[in-house]
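Below, each chain spelled out in residue letters.
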Amino acid sequence: MEITYTEEKSFTQNQIEELFLSVNWVSGKYPARLFKALKNSSTVITAWDGKAGEKLVGLARVLDDSEMTSYIHYVLVNPKYQGKGIASKMIEMIKEKYRNFLYINVMPGDKNNASFYQKHGFKIMEKGCAMQIVNYGM
């Protein structure tokens, strides 16, 4: 398997939709909005399988303020490609790119994923509390 990584936003709306739906994320149900959001994001790292005809197999998205704080918003890998180090590679690329920022934050959507981020040096905030307003499905 030959996986290549890029920060070029050269994906299509259909590729994005397919990837997000492969992991059953609700964002995939809004492909036009998701595509626009990714195109306007600070950083999007994509992972591609060249042997599968340049198939989009992974994606990580970061939002930042250009100086101090960055937020990892998405890290996802197609289930057929999980366990091959793709997510870890994207996290390491993010850590390198944002190494001079004061904070690199992540809020895993599932508590079970906290250990993955801890393996990459992230720490659970002692006094922090994730909060959210959900505006879909009403």
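A few points on the structure. (Residues numbered from 1 in each chain as written. Predicted model: local features only at pLDDT ≥ 70, side-chain atom pairs only at ≥ 80, totals over all residues. Heavy atoms only, no water.)

**Some points on the pattern of salt bridges**
- One pass over the structure, following the stated rule, counts four salt bridges.
- Two residues, Glu-18 and Lys-55, come together in a salt bridge whose shortest N-O distance is 2.6 Å. In this pair, Glu-18 is assigned in helix H1 (residues 13-22) and Lys-55 in strand E3 (residues 55-64), connecting sequence segments 37 residues apart.
- Overall, Lys-55 belongs to the partly exposed group, its relative accessible area being 23%.
- Across the pair Glu-96 and Arg-99 runs a salt bridge, and its minimum N-O distance is 2.7 Å.
- According to the relative accessible area criterion, Glu-96 is partly exposed, its value standing at 46%. (Salt bridge = Lys/Arg side-chain N within 4 Å of Asp/Glu carboxyl O. Helix = DSSP H or I, 4+ residues; strand = E, 2+ residues; numbered from the N terminus. Buried < 20%, exposed > 50% of the residue type's maximum accessible area, 1.4 Å probe, protein only.)

**Considerations on the packing of aromatic side chains**
- Going through the model one piece at a time under the given rule, you end up with seven aromatic pairs.
- An angle of 70° between the planes, with centres 5.8 Å apart, marks the rings of Phe-20 and Trp-25 as edge-to-face.
- For Phe-20, a relative accessible area of 0% puts it in the buried group.
- Here the aromatic rings of Phe-116 and Tyr-117 are separated by 5.1 Å at their centres, their planes lie at 80°, and the arrangement is edge-to-face. (Phe/Tyr/Trp six-rings, centres within 6.5 Å; stacked < 30°, edge-to-face > 60°.)

**Here we look at the environment of Thr-69**
- By the secondary structure assignment, Thr-69 is in strand E4 (residues 69-77).
- The class for Thr-69 is buried, based on a relative accessible area of 13%.
- Taking the C-alpha atoms as reference points, Thr-69 and Asn-100, separated by 31 residues in sequence, lie 9.7 Å from one another.
- Once residues within four sequence positions are removed from consideration, Thr-69 is found in contact with Leu-63, Asp-64, Phe-101, Tyr-103 and Asn-105. (Contact = heavy atoms within 4.5 Å.)

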